[in-house]
Amino acid sequence: MLVEESMSLLWASYYAISLLVFVAVYLTFIILPRFLRLMLTWVVAGAMWAPARFRLPLVEEGEFYTGWAPAAMVAAVGFLEDNASAFREGLVWLLMGVTLGALIGLAIWWLRRPSTDTRAAAASKAPTQAEEDTNGAQRHEPVL
């Protein structure tokens, strides 16, 4: 059960909070063009959601605790503790998550962009300025 298993509850709450961060990041980048907004949002999501394996020494000699944590945390702790193997492993998984996130953002942008046929049809329907000038006789001035 989820309540009895503390690690499952920890991961569930982490992913629930990270979904809120994901939406906040997307809304923060709302002023950017759609391509950049999707790419940056999914890069941040890839960094948040990439897990990595870690290993901590216990008090007893030769015993270790191993588990999973977000790759950014594994890399940060490995850097702060000068643990090159933990830093390298965390960084590799973090870069893989960022790359996967960028690919997902690119795929979403690619699939949701308007096709060239749609853009050409919209451009052909819109009257040009020259056509509007030649149709000046049909134009009506506003009346108050």
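A. Region of interest: the layout of surface pockets. A volume near 320 Å³ is recorded for the largest pocket. The wall of the largest pocket is formed by 15 residues, among which Phe54, Arg55, Leu56, Val74 and Ala86 lie closest to the centre. Secondary structure elements with two or more residues in the lining of the largest pocket: strand E1 (51–57), helix H3 (71–80) and helix H4 (84–112). Here the lining of the largest pocket is composed, by residue class, of 8 nonpolar, 3 polar and 4 charged.

B. Focus on the nonpolar core. Core analysis: the largest hydrophobic core is formed by 6 residues, namely Ala50, Ala52, Ala69, Ala71, Val74 and Leu94. If we ignore the near neighbours within four places in the chain, the residues touching Ala52 are Gly67, Trp68, Ala69, Pro70, Ala71, Val74, Gly90 and Trp93. Core analysis: the second largest hydrophobic core is formed by 5 residues, Leu38, Trp42, Ala45 and Met48 among them.

C. Region of interest: the side chain of Thr41. Tracing the sequence through the fold places Thr41 in helix H2 (residues 34–49). On the basis of relative accessibility, which here comes to 1%, the residue Thr41 falls in the buried class. Each residue touching Thr41, except ones within four places of it in the same chain, is listed here: Phe22, Val25, Tyr26 and Phe29.

D. Representation of the pairing of E1 in the model. By the bridge criterion, 7 bridges tie E1 to strand E2 (residues 64–70) in an arrangement that is antiparallel. Opposite Pro57, over in E2, you have Phe64 as the bridge partner.

E. Main features of H4. Counted at 1.5 Å a residue, the expected span for H4 with its 29 residues is 42 Å, and the 42 Å between its end C-alpha atoms agrees. Among the residues of H4, those classed as buried are Gly90, Leu94, Gly97, Gly101, Ala102 and Gly105. Looking at the buried positions of H4, the neighbouring elements they touch are H2, E1 and H3.

F. Inspection of H2 at higher detail. Over its 16 residues, H2 extends 22 Å from the first C-alpha to the last, a length consistent with the 22 Å expected when each residue adds 1.5 Å. Buried within H2 are the following residues: Arg37, Leu38, Met39, Thr41, Trp42, Ala45, Gly46 and Met48. Where the residues of H2 are buried, they touch helix H1 (6–28), E2 and H4.

G. The side chain of Arg37, seen in detail. With respect to the helices and strands, the residue Arg37 is situated in helix H2. In this structure Arg37 comes out as buried when scored by relative accessible area, which is 11%. Among residues more than four places away in sequence, those in contact with Arg37 are Tyr26, Phe29, Ile30 and Leu32.

H. Highlighting the packing of aromatic side chains. Per the counting criterion, the structure on display carries 10 aromatic pairs. Ring-pair connections join several aromatic residues into one group, and the members of that group are Trp11, Tyr14 and Tyr15. Directly above the ring of Phe64 sits Arg55, whose terminal nitrogen or CZ lies 3.7 Å from the centroid. Between the NZ or CZ atom of Arg113 and the centre of the ring of Trp110, over which it lies, the distance is 3.9 Å.

Rules and cut-offs
Residues numbered from 1 in each chain as written. Predicted model: local features only at pLDDT ≥ 70, side-chain atom pairs only at ≥ 80, totals over all residues. Heavy atoms only, no water. 1 Å grid on protein atoms, 1.4 Å probe; cavity = no way out; pocket = protein on both sides within 12 Å on 5 of 7 lines; lining within 4 Å. Points joined across faces, edges and corners; volume = space filled by probe spheres on them. Helix = DSSP H or I, 4+ residues; strand = E, 2+ residues; numbered from the N terminus. Nonpolar A, V, L, I, M, F, W, Y, C, P; charged D, E, K, R; others polar. Core = buried A, V, L, I, M, F, W, Y, C linked by side-chain atoms within 4.5 Å. Buried < 20%, exposed > 50% of the residue type's maximum accessible area, 1.4 Å probe, protein only. Contact = heavy atoms within 4.5 Å. Pairing = 2+ DSSP bridges. Expected span 1.5 Å × (residues − 1). Phe/Tyr/Trp six-rings, centres within 6.5 Å; stacked < 30°, edge-to-face > 60°. Lys NZ or Arg CZ within 6 Å of the ring centre and 35° of its normal.

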